[in-house]
Amino acid sequence: GVLAALLHRDATGEGQRVEASMFESLLMAEETAMQQADILGTDRGRTGGQGALGFKMPGLGIYETTDGHVYSMCTGNAGSGFPGLVQLMRALDGSTRLDEEPYASFIATSMTTSQIMGLMEDPARAPQVRALLAEVEAEVTAFFARHPKETVYVRGQGLRVLVGAVNGPAEILASAQLGARDWW
């Protein structure tokens, strides 16, 4: 549905309305939670953004902005990944500590979830990696806190950064995009 609508838009310049089931969108998450309960006999608990690794992955999760919150998913291979987030930080702030060492080389070589999981398997290196990630997360958190969510979203889209504004009911009702589509 969504892919067909995007292809149609690219070919004709005309948008389409796509409806998606909220249940089906969450089905995979529910399925794995049910498997965990059936196989391991445990219920999945809340992690408070810590994830399965037991620490906060920089660039992944909900962040406070000057006027609300954004959701960022910059720790994988989709979009421009974490290097794209650093590029966004440069675009909005002019510079970032993450361009300095030891951050720059770590981000260039190791800043995806799978790479970090591999590094964390080494008990001798895990504390150093965890400390470095905490410093990177502090920089990311401070960056988002300095900017409005719409600015982060719009500029991020131009750089293929996977970040989106978290909007409440009033903001959704005021959306020019949804209004233009006669959503209401």
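The structure this text deals with has already been given above.
Computed from a predicted model, the values in this text were never measured in an experiment.

S.K.: What is the right way to look at the layout of surface pockets in this model?
M.R.: Vacant regions in the atomic arrangement are exposed by a probe of water-molecule size rolled over the atoms. Roughly 650 Å³ of volume is contained in the largest pocket. As for the largest pocket, its lining consists of 16 residues, of which Tyr153, Asn167, Ser175, Gln177 and Leu178 are closest to the centre. Counting residues per element, the ones that place at least two in the lining of the largest pocket are helix H7 (149–158), strand E3 (163–166), helix H8 (169–173) and helix H9 (176–180). Among the elements that take part in the lining of the largest pocket, H7 stands out by supplying three residues, more than any other.

S.K.: Explain the sheet that holds strand E1 (residues 60–65) to me, please; I cannot follow it from the model alone.
M.R.: Two strands in a sheet stick together by hydrogen bonds in their backbones, pointing the same way (parallel) or opposite ways (antiparallel). The strand order E1-E2-E3 describes an open sheet built from three strands, whose pairing is antiparallel. The open sheet is flanked by E1 and E3, the only strands paired with a single partner. Between one strand axis and the next, the sheet turns by 25 degrees as a mean value, whatever way the strands run. Alignment of E1 against strand E2 (residues 68–73), held across six bridges, turns out to be antiparallel. Each residue of the ladder has a partner; that of Tyr63, found in E2, is Val70. Along the sheet face, helix H6 (residues 126–145) touches E1, E2 and E3 and points at about 45 degrees away from the line of E1. Sitting on the sheet, H7 touches E1, E2 and E3, and the angle it makes with E3 is about 155 degrees.

S.K.: Help me out: how do you make sense of helix H5 (residues 113–120) in this one?
M.R.: Quick reminder: α-helices carry 3.6 residues per turn. Residues three or four places apart thus point the same way. Every buried residue of H5 is listed here: Ile116, Leu119 and Met120. Take H5 and look down its axis: the buried residues cluster within an arc of 95 degrees, on one side only. At its buried positions, H5 is contacted by helix H4 (103–110) and H6.

S.K.: Is there a simple way to explain the environment of Tyr71 in this structure?
M.R.: With respect to the helices and strands, the residue Tyr71 is situated in strand E2. Residue Tyr71 is classed as partly exposed on the basis of its relative accessible area, which comes to 38%. As a C-alpha pair, Tyr71 and Leu162 span 91 residues in sequence and 8.3 Å in three-dimensional space. Dropping the residues within four chain positions of it, Tyr71 is found in contact with Leu60, Gly61, Ile62, Leu162, Val163, Gly164 and Val166.

S.K.: Sorry, what's going on with the side chain of Ser110 here?
M.R.: With respect to the helices and strands, the residue Ser110 is situated in helix H4. Within the structure, the side chain of Ser110 is placed 3.1 Å from the side chain of Thr109, a separation counted as a polar contact. Beyond its immediate sequence surroundings of up to four residues, Ser110 is in contact with Gln115, Ile116 and Leu119.

S.K.: Sorry, what's going on with H4 here?
M.R.: Among the residues of H4, Tyr103, Phe106, Ile107 and Ser110 are the ones counted as buried. An end-on view of H4 places all buried positions within 110 degrees of arc, on one side of the element. Tucked into the core, H4 has its buried residues touching helix H3 (81–93), H5 and H6.

Conventions used here
Residues numbered from 1 in each chain as written. Predicted model: local features only at pLDDT ≥ 70, side-chain atom pairs only at ≥ 80, totals over all residues. Heavy atoms only, no water. 1 Å grid on protein atoms, 1.4 Å probe; cavity = no way out; pocket = protein on both sides within 12 Å on 5 of 7 lines; lining within 4 Å. Points joined across faces, edges and corners; volume = space filled by probe spheres on them. Helix = DSSP H or I, 4+ residues; strand = E, 2+ residues; numbered from the N terminus. Pairing = 2+ DSSP bridges. Axes fitted to C-alpha atoms, helices over the stretch in contact; angles between N-to-C directions. Contact = heavy atoms within 4.5 Å. Buried < 20%, exposed > 50% of the residue type's maximum accessible area, 1.4 Å probe, protein only. Arc of directions from axis to C-beta. Polar contact = N/O pair within 3.5 Å; in protein donor to acceptor, adjacent residues only side chain to side chain.

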